[in-house]
Amino acid sequence: MEKIQAIRGMHDILPDRTPRWQYVESVVRRIMASYGYEEIRLPLLEKTELFKRSIGEVTDIVEKEMYTFEDRNGDSLTLRPEGTAGCLRACMEHGLLYNRINRLWYSGPMFRHERPQKGRYRQFHQVGVEVYGIDTPDIDVELILLSSRLWRELGIAHKLELQINTLGTAAERLVYRNKLVQYFRTHYEKLDEDSRRRLETNPLRILDSKNPEMRELIQAAPVLADDLGEESRNHFQRLKELLDEAGISYVVNPTLVRGLDYYSRTVFEWVTDELGAQGTVCAGGRYDGLIEQLGGKGSAATGFALGMERLIELLESPEKLDAAARPHAYLIRVGGEAERRGAALAEALRDALPNLRLVVNCGGGSFKSQFKRADKSGAAVALILGEDEVRDQLIGVKHLRTEEGQRTLAQSELIPFLQTLI
Ligand code: ATP
Ligand code: MG
């Protein structure tokens, strides 16, 4: 019978690779706590309307990337393509936005029906950070500092460059939008098909085109900075000053516009040239208008999301992280007495050494076959319990990853020995 396979672009993360994920997740968790960010857990499914209203009808995500379906009641539901909308929905629904500041983070799978390729999947994982209730650029800088610390802790800071830009307010963007449309209209023959479509629907997105043939035209396009009002200009100026003070280097990229409609003022991306075309590892910015757009009160909001797959791809020696998570010891036990004594011994060891990773052979087998399993488990040492060892209260020890020969310890020496492996 033909075997059923996973959906294209949706990947299993097998046990030999989960340690690197767990490592990154643990660093993320620790850094979030160190900045006072609280975790929020959100549903994977939301009403389709939520994403249409927040992300924007004429964005790539809503136009062609969402997994949308009718449930049994006929409601239109969508697997979340990103976390910002759901996070805001939850906070509004539970009254968390009223008169207070929220610093939040979440993580988990997101779903987009894109063309699968390296660094681009249909189910992928994000860590997202959102802050509500602060409209000054110091908080934008805090988000950048937090992400920058994460890169340092993970040893990948040297591979990432910070790009920033400002998108002004919605009103300022409207003026700019008209200028941009005029500019691209006069060069209509040079626009690719995608850009011609965007000229009508979402002209700012033309600036985000990845088509190299469009680059020259985009470089010469008018820039938004010329149309900013005083407040937006100051906000951006202050952002840059604070980044300078914090010693964070950055590049101002006037064509950085982001793919979602809800951004205003600050936008930023951490990019690398080590991942080919999928070079953005982390992206975010301010989205002050979104709360009102969703029918809520209060306004200031800023955040970012990072792509876990792309981040993990940048780690220096991920295989070392995977190897470091293998068991310390595998207990071989041959014979009925050894099985009984071994079970009790293993529990006593786990009581005494909570960080010990110990696998107990189950299902019987000869010494030879149990040694094979011990080797496959990746354990550093095999502990050997046969009839003789049980009788004399001894235990055999064999290092599986070095050439050292087998030796015998008194069972009472086992705890201090295992401590040296942890
Ligand atoms: P891109 O320009 O690569 O399509 P985006 O602007 O659509 O990215 P965001 O919505 O800002 O991406 O998501 C934030 C981060 O999530 C991205 O920078 C990237 O690291 C990751 N990401 C987005 N889409 C995917 C995907 N399909 N597969 C894997 N990671 C993704
Ligand atoms: Mg995208």
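The rules behind the values
Residues numbered from 1 in each chain as written. Chains lettered and ligands numbered in written order. Predicted model: local features only at pLDDT ≥ 70, side-chain atom pairs only at ≥ 80, totals over all residues. Heavy atoms only, no water. UniProt positions renumbered as here; feature names shortened; annotations may be inferred. Pairing = 2+ DSSP bridges. Helix = DSSP H or I, 4+ residues; strand = E, 2+ residues; numbered from the N terminus. Contact = heavy atoms within 4.5 Å. Axes fitted to C-alpha atoms, helices over the stretch in contact; angles between N-to-C directions. Parallel < 35°, antiparallel > 145°, perpendicular 65-115°, else oblique. Left-handed = near helix turned anticlockwise from the far one by under 90°. Nonpolar A, V, L, I, M, F, W, Y, C, P; charged D, E, K, R; others polar. Buried < 20%, exposed > 50% of the residue type's maximum accessible area, 1.4 Å probe, protein only. 1 Å grid on protein atoms, 1.4 Å probe; cavity = no way out; pocket = protein on both sides within 12 Å on 5 of 7 lines; lining within 4 Å. Points joined across faces, edges and corners; volume = space filled by probe spheres on them. Phe/Tyr/Trp six-rings, centres within 6.5 Å; stacked < 30°, edge-to-face > 60°. Domains from an automatic or database assignment. Near = heavy atom within 4 Å. Polar contact = N/O pair within 3.5 Å; in protein donor to acceptor, adjacent residues only side chain to side chain. Areas by Shrake-Rupley, 256 points an atom, 1.4 Å probe, with all protein chains shown as cover. Salt bridge = Lys/Arg side-chain N within 4 Å of Asp/Glu carboxyl O.

Per an unreviewed UniProt entry, the protein chain is named Histidine--tRNA ligase, and its organism is Methylocaldum szegediense. The UniProt entry for the protein chain carries the following comment under Sequence similarities (unreviewed entry): "Belongs to the class-II aminoacyl-tRNA synthetase family." According to the UniProt record, the Subunit (unreviewed entry) comment for the protein chain is "Homodimer."

Undergrad: Just checking my understanding: could you explain the sheet that holds strand E1 (residues 38-39) for this structure?
TA: Two modes of strand pairing occur in sheets, parallel and antiparallel, and in both the strands are linked by backbone hydrogen bonds. Taking strand neighbours across the sheet as the criterion, the eight strands line up as E1-E5-E6-E11-E10-E9-E7-E8 in an open arrangement whose pairing is mixed. Each edge of the open sheet carries a strand with a single partner, namely E1 and strand E8 (251-252). Across 10 bridges, the pairing between strand E5 (residues 102-111) and strand E6 (residues 123-132) is antiparallel. If you follow Ser107 over to E6, its bridge partner there is Val127. Helix H5 (residues 137-154) contacts E5, E6, strand E7 (161-166), strand E9 (264-271), strand E10 (280-286) and strand E11 (301-307) of the sheet and is inclined by roughly 20° relative to E11.

Undergrad: For this particular structure, what's the right way to read the packing of H5 against helix H9 (residues 230-245)?
TA: Between two packed helices, the angle of one axis relative to the other and the distance separating the axes together describe the packing. Between H5 and H9, the least distance of the axes is 9 Å, while the angle of their chain directions is 40°. As judged from the angle between their axes, H5 and H9 are oblique. The way H5 lies across H9 gives a crossing that is right-handed. Listed contacts from H9 to Pro137, Asp138, Asp140, Val141 and Ile144 of H5 are His235, Arg238, Leu239, Leu242 and Leu243. Considering only residue class, the contact of H5 with H9 consists of six nonpolar, one polar and three charged.

Undergrad: Quick question: what am I supposed to make of the pairing of strand E12 (residues 329-333) here?
TA: On a regular strand, each side chain points to the face opposite its neighbour's, so the side chains alternate between the two faces of the sheet. The element E12 is extensively covered by neighbouring structure, given that five of its five residues are classed as buried. Neither face of E12 is left uncovered, since the one carrying Ala329, Leu331 and Arg333 and the one carrying Tyr330 and Ile332 both have all their residues buried. Of the strand pairs in this sheet, E12 and strand E14 (residues 381-385) are connected by five bridges, and their pairing is parallel. The residue bridging Leu331 from the neighbouring strand is Leu383, located in E14.

Undergrad: I would appreciate a short explanation of empty space enclosed by the protein in the present structure.
TA: Over the atoms rolls a probe the size of a water molecule, and its path tells where empty space is left. All chains considered together, the criterion is met by two cavities of 30 Å³ or more. Taken as a whole, the largest cavity spans an internal volume of roughly 40 Å³. In this structure, the largest cavity is lined by Val58, Asp60, Glu63, Arg197, Arg198, Thr201, Asn202 and Arg205. For the lining of the largest cavity, the secondary-structure elements that each account for two or more residues are helix H3 (60-65) and helix H7 (193-201). It is H7 that contributes the most residues to the lining of the largest cavity, three residues altogether. Looking at the lining of the largest cavity residue by residue, the classes come out as one nonpolar, two polar and five charged. Here the second largest cavity is characterised by a volume of approximately 40 Å³. Forming the boundary of the second largest cavity are Leu42, Pro43, Glu46, Phe51, Arg80, Glu82, Gly83 and Gly86. In terms of residue class, the lining of the second largest cavity is built from three nonpolar, two polar and three charged.

Undergrad: What exactly am I supposed to notice about the packing of aromatic side chains here?
TA: Aromatic ring pairs: the centre-centre distance and the angle between the two ring planes describe each pair. The tally for this structure, following the rule as stated, stands at five aromatic pairs. Both rings, one in Trp151 and one in Trp270, keep their centres 5.8 Å apart while their planes meet at 80°; by these two values the pair is edge-to-face. On the criterion of sequence distance, the pair formed by Trp151 in helix H5 and Trp270 in strand E9 is long-range, its members being 119 residues apart. Measuring from centroid to centroid gives 6.3 Å for Phe268 and Phe304, while their planes differ by 65°, and the two rings are edge-to-face. On the criterion of sequence distance, the pair formed by Phe268 in strand E9 and Phe304 in strand E11 is long-range, its members being 36 residues apart. Comparing Phe268 with Phe304 shows no difference in burial state: the two are buried. Aromatic rings pair up to connect Tyr262, Tyr263 and Tyr287 into one cluster.

Undergrad: Sorry, what's going on with the domain arrangement of the protein chain here?
TA: The accessible area lost on association of the parts is a frequent measure of interface size. Each domain of the protein chain was delimited in the assignment, giving domain 1 (18-169 + 229-318) and domain 2 (327-419). Centre-to-centre separation of domain 1 and domain 2, based on C-alpha positions: 48 Å.

Undergrad: What is the right way to read the site of ligand 1 from this model?
TA: What surrounds ligand 1 is a group of 16 residues, the closest being Arg112, Glu114, Arg120, Tyr121 and Arg258. One nitrogen or oxygen atom from the main chain of Thr280 is found 2.9 Å from an oxygen atom belonging to ligand 1. Measuring from an oxygen atom of ligand 1, one finds a backbone N or O atom of Gly307 at 3.4 Å. In the complex, the protein chains occlude 90% of the 580 Å² of accessible area that ligand 1 would expose alone. Contributions of two or more residues to the shell around ligand 1 are made by E6, E10 and E11. With four residues, the top contributor of residues to the shell around ligand 1 is E10. For the shell around ligand 1, the per-class residue count stands at six nonpolar, four polar and six charged.

Undergrad: How should I be thinking about the pattern of salt bridges in this particular structure?
TA: Opposite charge on two side chains allows them to pair when their charged atoms are near. Tallied over the entire structure, the rule returns 29 salt bridges. The shortest N-O distance in the salt bridge between Arg29 and Glu39 comes to 3.5 Å. Remark: Glu39 occurs in strand E1 and Arg29 occurs in helix H1 (residues 18-34); sequence separation between them is 10 residues. Among the residues examined, Arg29 registers a relative accessible area of 42% and is labelled partly exposed. Take Glu39: its relative accessible area is 33%, and that puts it in the partly exposed class.

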